[in-house]
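# Coordinate inspection notes
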Amino acid sequence: WRGQEGAPYSTLVPSDEVTINYRHGLPVITLMLPTRSERCQFTVKPVVTTVGAFLQDVQREDKGIERAEVFATDGSKVSDATLMEVLLMNDFKLVINNTAYSVSPPVKDKLSSEHATELEDIKSLVHRLFVALHVEDHQIRKERELLQKLDHLKGELLPLEQMKARIMDSADAKTSRLLWVGLALMSTQGGALAWLTWWVYSWDIMEPVTYFITYGSAMAFYAYFVLTKQDYIYPHAKDRQFLHYFHRKSKKQHFNVERYNKLKDDLAEAEESLRRLRQPLHLRLPIQEISDKD
């Protein structure tokens with residue numbers, strides 16, 4: 001058998017020279033140290049220990065080992081960065097100096113079924129300990145970040161709120177003046193028609209005039225509907241005119257409406273996040289229960 005570089009190995013030792021057993025859920029690799037001529041056990045943590053770290057442990061244990069490598073069954077070299085958990089899924093070759101050991105790890109499915117309950121209990125215990133030790137600190141740190149964000153947003157919104165208040169006052173005053181002007185025009189029109197009917201002409205002459213004035217008003221209301229796709233309702237018309245004055249005044253004073261709306265949305269989102277965060281702080285609930293309740 002040859003390695004990845006094609007160098008022959010003098011000895012290919014059977015698999016019983018290197019054994020792997022599991023104790024308390026961790027793999028224990030037992031092998032013969034060539035210089036010391038004694039068997040040694042290495043307990044590895046498969047989810048954190050790499051192949052390189054395992055080989056370094058073997059070389060530290062026996063200073064006479066000059067070469068330690070791992071190869072797959074097809075002869076390709078296994079990277080030192082590979083996790084032992086991945087390596088133990090299949091058969092492999094452990095090469096120490098010029099001796100190649102054929103290793104057959106136990107089937108992982110049988111091991112998982114045997115220790116599944118114990119591992120799940122350990123995971124649950126670790127999770128509860130992490131929640132108890134770190135969640136409250138995390139929530140307090142997050143609350144501090146949200147409070148700083150709220151102060152920053154309020155600082156940016158303050159001058160915009162003041163400018164908006166001035167623009168709204170100006171738009172509201174113009175809208176009110178427009179409504180009073182409309183009332184004055186309607187009163188003037190009514191007085192003019194009455195004067196023409198009783199003092200200048202007769203009703204027989206003024207009746208067609210009033211008819212066409214009424215028909216013209218109906219056409220104006222219909223034109224309003226065609227342009228705005230809304231019925232001419234006085235409160236809606238007032239609000240529409242107010243917005244017209246507001247946006248026109250905003251452009252003159254360079255008031256960025258889009259930026260103001262974005263800041264308001266960010267402020268509302270931050271306040272809602274702070275409210276949701278403070279609720280579990282008072283109730284002493286872990287993070288996963290926040291998601292369940294929301």
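Residues numbered from 1 in each chain as written. Predicted model: local features only at pLDDT ≥ 70, side-chain atom pairs only at ≥ 80, totals over all residues. Heavy atoms only, no water.

### A word on helix α5 (residues 234-252)
Threshold: In DSSP terms, a helix is any run of H or I states spanning at least four residues, a strand is any run of E spanning at least two, and both are numbered starting from the N terminus. Helix span is expected to be 1.5 Å times the residue number reduced by one.
The terminal C-alpha atoms of α5 lie 27 Å apart, and with 19 residues this matches the ideal 27 Å at 1.5 Å per residue to within 8%. Once α5 ends, the next one or two residues include H254, with phi positive near 60 degrees.

### Observations concerning the UniProt feature "transmembrane region" (unreviewed entry) in the protein
Cut-off, in case you're wondering: UniProt positions are given in the numbering used here, feature names are shortened, and annotations may be inferred rather than shown by experiment.
Those places that UniProt annotates as "transmembrane region" (unreviewed entry) correspond, in this numbering, to residues 178-197 and 209-227. Summarising residues 178-197: 100% helix, 0% strand, and an end-to-end C-alpha distance of 29 Å. Helix makes up 100% of residues 209-227 and strand makes up 0%, while its end C-alpha atoms are separated by 27 Å.

### A short note on the pairing of strand β2 (residues 19-23)
The test is simple: When DSSP finds two or more bridges between two strands, those strands count as paired.
Looking at chain direction, β2 and strand β3 (residues 26-33) are connected through five bridges and run antiparallel. What sits directly across from Y22, in β3, is P27. What sits between β2 and β3 in their antiparallel hairpin is a turn of two residues, with H24 showing a positive phi close to 55 degrees.

### Brief notes about the nonpolar core
Inclusion rule: To define a nonpolar core, start from buried Ala, Val, Leu, Ile, Met, Phe, Trp, Tyr and Cys residues and group those joined through side-chain atoms within 4.5 Å. Any residue under 20% of the maximum accessible area for its type is buried, any over 50% is exposed, and the rest in between are partly exposed; the area is computed with a 1.4 Å probe on protein chains only. Residues are treated as being in contact if the distance between any of their heavy atoms lies within 4.5 Å.
Among the nonpolar cores identified, the biggest contains 24 residues, and L31, F54, V70, F92 and L94 are the most heavily contacted of them. No other element matches helix α1 (residues 51-61), which puts four residues into this core. With sequence-adjacent residues up to four places away left out, L31 is seen in contact with E17, V18, E38, R39, C40, F42, F54, V58, L94 and I96. Core analysis: the next-biggest nonpolar cluster, separate from the first, contains 17 residues, Y245, F246, L267 and L277 among them.

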